[in-house]
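Here is how the chains run, residue by residue.
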Amino acid sequence: MVAPGLAEIFYYLGFIVVATLVPIIALFLIVTPRDAKPSPMKLETYEAGQMPSGRGRTRFIIQYYPYLLIFVIYDVVAMFLFAWALTLRTLQPPGSGTWPILIFMGVLLVPLAYSIHLASQRDLW
Amino acid sequence: MAPLQLVPLISLAVFGLITPPAGLLRGGRMRLRPAPYLGILGLLIALGSISWFILVNYQPTALGALRFDLFTYFFGGILIGTSTLVALASLGFTKGDPNEAPYYGLLLLSTLGMVILAASQDLVLLYVGWELMSVPTYALTAIKKRDVLSNEAAMKFFVLSAMSSALLVYAISLIYGMTGSTSLVDIRSILVNIAVSQPGVKPFGVIALVLFIVGFGVKMAVVPFHMWIPDAFEGAPSTISALLASGAKLAAFAAAFRVFIFGMGTFQVDWYSTFAILAIVTMTLGNVAALMQKSFTRLLAYSSIAQAGYLLIALAVTTPTNTLGLAGAIFHSLNYGILKTATFVAAAAIATKLPVTDLTSFNGLGKRMPQTAFGITILFLALAGVPPLNGFFSKAILFTGALNSPFSWGPYLAIAALLNSGFSMGYYGWVIKRMYLDDPADASRLPEPRSYTRILWLAVILTFAIGIYPQPWISLSQSAATSLLSIVS
């Protein structure tokens, strides 16, 4: 609840002023040296030197990528298993960590089966 | 043996994960849809276990980065309760939708994120909860895949919400750089004398504070960051608007209470007056803009912005010695959760037959849809704060908290809130007048789907029950407010 001193206020004001000026100067530097000669070719879609054809938005064929996505998500489970394996021997009573991890894996396998089912449905993608 | 406190979280996670696959179990002779009921079962287990922890077996505990005190349980109960209302109301809306099962799964996972947000006392876990809450809601907003408005709403919501997450990460990294810890308990103890021990880092703390305000403010619907709210609420399915307006916003408020009042409460910077100004601007702009709306869902969206302004009072006036404002805000969160969810459910009920984007379709609704019109009337009166209903008591405590605050501007804040509260009756009363006094172009009786009217009646009963006997809820929210400020090991 201490009121900020004058010097501090100037500190923040300076921060704001610099943060506002930098983009303005940058924009200014882009706009001024530019040679303004509009031509229809400049407005065309850039297609790596080819003559542009068709619309920019197309349906992308996803092929096997759903399986890759599933792998990336389920790869994280290995980390949990590693943490579990490190502490398994110290758990008391011995073997009490087995059932929880089996339930954990079981719960995670149901959505895995579901996502593989979804990945095989071509009309969804 | 896993700690019992985790039961609500585990229930939400497990049911959230197995609900989408359960949608495949259909066909043949089975007429019952398994997925929605599995989702509702998971929510009810979580709600039941949280009530059990509050009523029977309350002991504050901290499990690593999670903290289970009365604040967590109370807010968790509110959040899971509003999600349960949303899930029950969606039963009619999702019937026949191919994405029905993922809808309930995403709803449960989003609720899990909200509860984690309310329970976390570590900034990293808080961020995980924030993302877990946000990401499912993007997909839920666009659940009608072929609806252009829904997609537009989801896109706007996604861009702004992703920006708010980025700002939160930046704020967290600055705080970590200052204090060397992400635990709010450590941050609280380090920030006490940071002005003496490290005088140079104070500006970074101020920047972190501002970034926290912006990051949370996008979800809390604080005024300079409220632009996405009306568009998103109008485009999204009304039940999902209910979730965004009550659940997601209240979870953001819970996290803000935890971070500002608990974590940064000892930081020697005057952020209280910032919140006071934001509160006044938010409630005034929300109310004035709501008065000018022609669309019912936009009116509800601006009224939810105004309500966010009332809740912000708690952040402005709560100090370790004055927790009355926080208690009022916690109580108001409960009432707001019930009222806002139910008003959006009423909008969904009307939207089945009439365009809710036009207020003229409300003319003579008292005759055309009597149950829905009665429900909206009671809920609007409660939102405006008419005495025998629940909104009155929470607002009274909240404004008293502002009056009792140690700051000189406290009374002005209370007066501004009172004036706004009276002003809001203008547009609430306008809708009620349209429903009961104006003549419709077509006076035919319209069917009211049971899945929506059930929720409306439940909300009306709760509104009256809490309003007529508010004492247990007031004392509960006061203990929740004090439990937020105590340190639990």
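Residues numbered from 1 in each chain as written. Chains lettered and ligands numbered in written order. Predicted model: local features only at pLDDT ≥ 70, side-chain atom pairs only at ≥ 80, totals over all residues.

**Overview of the overall build of chain B**
The secondary structure content of chain B amounts to 20 helices and 2 strands. Among the 489 residues that make up chain B, the fraction classed as buried is 58%. Nonlocal contacts in chain B, meaning residues at least 24 apart in sequence, comprise 81% of its contacts between residues at least 6 apart. (Helix = DSSP H or I, 4+ residues; strand = E, 2+ residues; numbered from the N terminus. Buried ≥ 20, exposed ≤ 12 C-beta atoms within 10 Å, placed from the backbone. Contact = placed C-beta atoms within 7 Å.)

**Thoughts on the overall build of chain A**
On a plain count of helices and strands, chain A comes out with 3 helices and 0 strands. Each helix and strand of chain A, placed in order from N terminus to C terminus, yields the pattern α-α-α. Taken over C-alpha atoms, the radius of gyration comes to 29 Å for chain A, far larger than the 14 Å a tight globule of 125 residues would show. For chain A, the spread of C-alpha atoms along the three principal axes comes to 75 × 65 × 20 Å. (Rg over C-alpha atoms; globule rule 2.2 N^0.38 Å.)

**Quick look at helix H10 (residues 228-235) of chain B**
All names here are of chain B. When you tally the buried positions in H10, you get 7 out of 8 residues, the bulk of the element. Every buried residue belonging to H10 is among Trp228, Ile229, Pro230, Ala232, Phe233, Glu234 and Gly235, and all of these are buried. Where the residues of H10 are buried, they touch helix H5 (123-141), helix H6 (148-179), helix H11 (238-263) and helix H13 (296-317).

**Some details on the domain arrangement of chain B**
Residue and element names in this part refer to chain B. Assigned domains of chain B: these are domain 1 (7-22 + 34-268) and domain 2 (270-489). For domain 1 and domain 2, the distance between their C-alpha centres works out to 20 Å. Each partner contributes residues to the interface: domain 1 has 45 residues there, and domain 2 has 48 residues. Elements that contribute at least two residues to the side of domain 1 that touches domain 2 include exactly strand S1 (61-63), helix H3 (70-93), helix H9 (202-220), H10 and H11. (Domains from an automatic or database assignment.)

**Some words on the interface of chain B and chain A**
Interface size, as often reported, equals the accessible area lost upon joining of the parts. With 10 residues of chain B at the contact, the number on the chain A side is 11 residues. Of the residues in the side of chain B that touches chain A, the class split is 8 nonpolar, 1 polar and 1 charged. (Nonpolar A, V, L, I, M, F, W, Y, C, P; charged D, E, K, R; others polar.)

**Focus on the environment of Ala154 of chain B**
All names here are of chain B. With respect to the helices, strands and loops of the structure, Ala154 is situated in helix H6. Its 23 C-beta neighbours within 10 Å are what place Ala154 among the buried residues. Among all residues touching Ala154, those that are not within four sequence positions of it are Tyr138, Thr141 and Ala142.

**Describing H11 of chain B**
Residues and elements named next belong to chain B. The end-to-end C-alpha distance of H11, which contains 26 residues, comes to 35 Å, matching closely the 38 Å that a straight helix rising 1.5 Å per residue would cover. Bending of H11 peaks at approximately 30° at the position of Leu244. Of all 26 residues that make up H11, 26 are buried, and the element is covered over most of its length. (Expected span 1.5 Å × (residues − 1). Bend = angle between axes of the 7 residues up to and from the residue.)

**So, the packing of H13 of chain B against helix H14 (residues 324-351) of chain B**
All names here are of chain B. As a packed pair, H13 and H14 sit with axes 9 Å apart at the nearest point and diverge in direction by 170°. With respect to H14, the axis of H13 lies roughly antiparallel. For the pair H13 and H14, contact is made by Phe296, Thr297, Leu300, Ser304, Gln307, Tyr310, Leu311, Ile313, Ala314 and Val317 and by Gly325, Leu326, Gly328, Ala329, His332, Ser333, Tyr336, Lys340, Thr343, Phe344 and Ala347, respectively. (Axes fitted to C-alpha atoms, helices over the stretch in contact; angles between N-to-C directions. Parallel < 35°, antiparallel > 145°, perpendicular 65-115°, else oblique.)

**Quick notes on the nonpolar core**
Grouped together as the largest cluster of nonpolar side chains are 181 residues, with contacts concentrated most on Ala251, Ile313 and Val345 of chain B. Lining this core are residues from two domains, each supplying at least three of them: domain 1 (7-22 + 34-268) and domain 2 (270-489) of chain B. (Core = buried A, V, L, I, M, F, W, Y, C linked by C-beta atoms within 7 Å.)

**A short note on the packing of H6 of chain B against H9 of chain B**
All names here are of chain B. Two elements in contact, H6 and H9, have axes separated by 8 Å at closest approach and are oriented at 155°. Considering their axes alone, H6 and H9 lie roughly antiparallel with respect to each other. Here H6 runs over H9; the crossing is left-handed. Seen from H6, the contacting residues are Leu160, Ser161, Ser164, Leu167, Leu168, Tyr170, Ala171, Leu174, Ile175, Gly177 and Met178; seen from H9, they are Phe204, Gly205, Ile207, Ala208, Leu211, Phe212, Val214, Gly215, Val218 and Lys219. Among the residues forming the contact of H6 with H9, the class breakdown is 15 nonpolar, 5 polar and 1 charged. (Left-handed = near helix turned anticlockwise from the far one by under 90°.)

**Here we look at the confidence of the model for chain B**
Per-chain confidence: chain B averages 88 in pLDDT, with 98% of residues scoring 70 or above. Among the scores for the predicted complex, ipTM is 0.74 and pTM is 0.87. (pLDDT = per-residue confidence, 0-100.)

**A closer look at the confidence of the model for chain A**
Averaged over all residues, the pLDDT of chain A is 82; the fraction at 70 or higher stands at 94%. When mean pLDDT is compared element by element in chain A, helix H2 (residues 65-87) of chain A scores highest at 89, while helix H1 (residues 6-31) of chain A scores lowest at 87.

**Brief notes about the environment of Ala221 of chain B**
Residue and element names in this part refer to chain B. Looking at the secondary structure, you find Ala221 in the loop between H9 and H10. Sequence separation of Ala221 and Leu437 is 216 residues, and the distance between their C-alpha atoms is 33 Å. Those residues within four positions of Ala221 in sequence are excluded, and the remaining contacts are His226, Ile229, Lys249, Ser304, Ile305 and Ala308.

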